[in-house]
Amino acid sequence: MTSGDPALARAVAPLAPPGVLVAVQRVAGTQSESLMASEAVMLADAAPRVRQRSAAARHAARRLLRRLGVPPCEILKDPAGRPVWPTGIVGSLAHDDDYAIAVVAPSSAGLGGLGVDIEPAEPLPAEIVHLVLTSAEHRHCGGDLLLARLLFVIKEAVYKAVNPADNVFLDFHDVVVDLATGQARTRTGRTVAFAATIQPRLVAIARWTPIAGR
Ligand SMILES: CC(C)(COP(=O)(O)OP(=O)(O)OC[C@H]1O[C@@H](n2cnc3c(N)ncnc32)[C@H](O)[C@@H]1OP(=O)(O)O)[C@@H](O)C(=O)NCCC(=O)NCCS
């Protein structure tokens, strides 16, 4: 489900595993009025552009929650910046300058956590490749800086999937990505499955299950 870009809709739909809903929303097409009252208060000090990105993500999330029968509700943030979902829902938000994305699932889907990230399909700056990739990942990318940025996106999605449960800061090298198996392993011992696309934007959806993920 997408507002604004059919090609992006086609690309992200297959990334969502069974039971997970995904929606993309164009930032430019979103009014800050999409924020509910307490969200607007929460974001009062944010720059207008940041507020609009967060509004777009919440607009997308509420469309999905409606499909799950959840009435319109605020999606606030905890003190660490993590989104607070209604009881019985797991989810994740992300936004870049142009698009926001939301993923949600009911707890009946059996997921311990969900994470999502989105970035423009542009190469990772060469000077930060060593910060993001382990040496094995670096070898795998073989100088392909767009692929390197995809790994960046996957690692961020993995972080968002595990951080609400683990509350542990992870560096990029604390998440090791295996593109061949579609699984990442965290320093804290979680195995996180992911699906990702490169075009028309870099998008990754990560999830773990309480049994398989530990
Ligand atoms: C969480 C984090 C990855 C978000 O990345 P970002 O580039 O700032 O922003 P994104 O657009 O990708 O995502 C923003 C959304 O992430 C969500 N988020 C923020 N902190 C989160 C956390 N700890 N866990 C899960 N989700 C989080 C929020 O919903 C936020 O949107 P909102 O502000 O509108 O509510 C980043 O802020 C962070 O804490 N990084 C430190 C850890 C890290 O990146 N390690 C390297 C990868 S392992």
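Everything numeric in this text was worked out from a predicted model, so none of it was measured.

## Thoughts on unusual backbone geometry
- The omega torsion across Gln199 and Pro200 is 0 degrees, close enough to zero to call that bond cis.
- With respect to the helices, strands and loops of the structure, Pro200 is situated in the loop between β8 (191–197) and β9 (201–208).
- Even without a glycine there, the phi angle at Asn167 is positive, about 55 degrees.
- Within the element layout of this structure, Asn167 appears in the loop between α6 (145–166) and β6 (175–178).
- Residue class for Asn167 comes out exposed when judged on its relative accessible area of 55%.

## Some thoughts on the domain arrangement of the chain
- Taken domain by domain, the chain comprises domain 1 (2–109) and domain 2 (117–208).
- For domain 1 versus domain 2, the separation of C-alpha centres amounts to 21 Å.
- Across the boundary between the two partners, domain 1 contributes 18 residues, which contact 17 residues of domain 2.
- Among the residues of domain 1 in contact with domain 2, Leu15, Arg82 and Asp96 are the three that bury the most area, contributing 41% of the side total.
- Summed over the shared surface of domain 1 and domain 2, the result is two salt bridges.
- Inspection of the region where domain 1 meets domain 2 yields five residue pairs in polar contact (both at pLDDT 80 or more).
- Mapped onto the side of domain 1 that touches domain 2, the elements with two or more residues apiece are α1 (6–12), β3 (89–95) and β4 (99–106).
- The residue makeup of the side of domain 1 that touches domain 2, split by class, is 13 nonpolar, two polar and three charged.

## A look at the packing of aromatic side chains
- Under the defined criterion, the tally for this structure stands at two aromatic pairs.
- Seen in terms of ring centroids, Tyr159 and Phe169 are 6.2 Å apart; in terms of plane orientation they differ by 65 degrees. Their pairing is edge-to-face. Note that Tyr159 is positioned in helix α6 and Phe169 in the loop between α6 and β6, a separation of ten residues in sequence.
- With a relative accessible area of 25%, Tyr159 lands in the partly exposed category.
- Across the ring face of Trp208, the terminal group of Arg190 is positioned such that the distance to the ring centre comes to 3.7 Å.

Conventions adopted
- Position labels on residues start from 1 in each chain and follow its written sequence.
- At least 70 in pLDDT is required for a residue's local features to be given in this predicted model, at least 80 for side-chain atom pairs to be given and counted, and no such filter applies to totals for whole chains, interfaces and linings, which use all residues.
- Side-chain descriptors were evaluated using all non-hydrogen atoms of the structure, hydrogens and water having been removed beforehand.
- Put simply, DSSP marks the helices as runs of H or I at least four residues long and the strands as runs of E at least two long, and each gets a number from the N terminus on.
- For every residue, the accessible area (1.4 Å probe, protein chains only) is compared with the maximum for its type, and the residue is labelled buried under 20%, exposed over 50%, or partly exposed between those bounds.
- Marked domain ranges trace back to an automatic or database domain assignment.
- Two residues qualify as a contact provided that any one of their heavy atoms is within 4.5 Å of a heavy atom in the partner residue.
- Buried area is a sum: the accessible area each of two parts loses on coming together, probed at 1.4 Å, counted once for each and added.
- Salt bridges, as used here, are contacts in which a Lys or Arg side-chain nitrogen is within 4 Å of a carboxyl oxygen on Asp or Glu.
- Residues adjacent in sequence count toward polar contacts only when both atoms are side-chain atoms; beyond that, a polar contact is any pair of N or O atoms within 3.5 Å, and within protein one must be able to donate a hydrogen and the other to accept it.
- Polar here means any residue outside two lists: the nonpolar Ala, Val, Leu, Ile, Met, Phe, Trp, Tyr, Cys and Pro, and the charged Asp, Glu, Lys and Arg; Gly therefore counts as polar.
- Classification of ring pairs rests on two measures: the distance between centres of Phe, Tyr or Trp rings, Trp counted by its six-membered ring, which must be within 6.5 Å, and the angle between planes, read as stacked under 30 degrees, edge-to-face over 60 and tilted in between.
- Charge-over-ring contacts are defined here by two conditions on Lys NZ or Arg CZ: a distance within 6 Å of the ring centre and an angle within 35 degrees of the ring normal.

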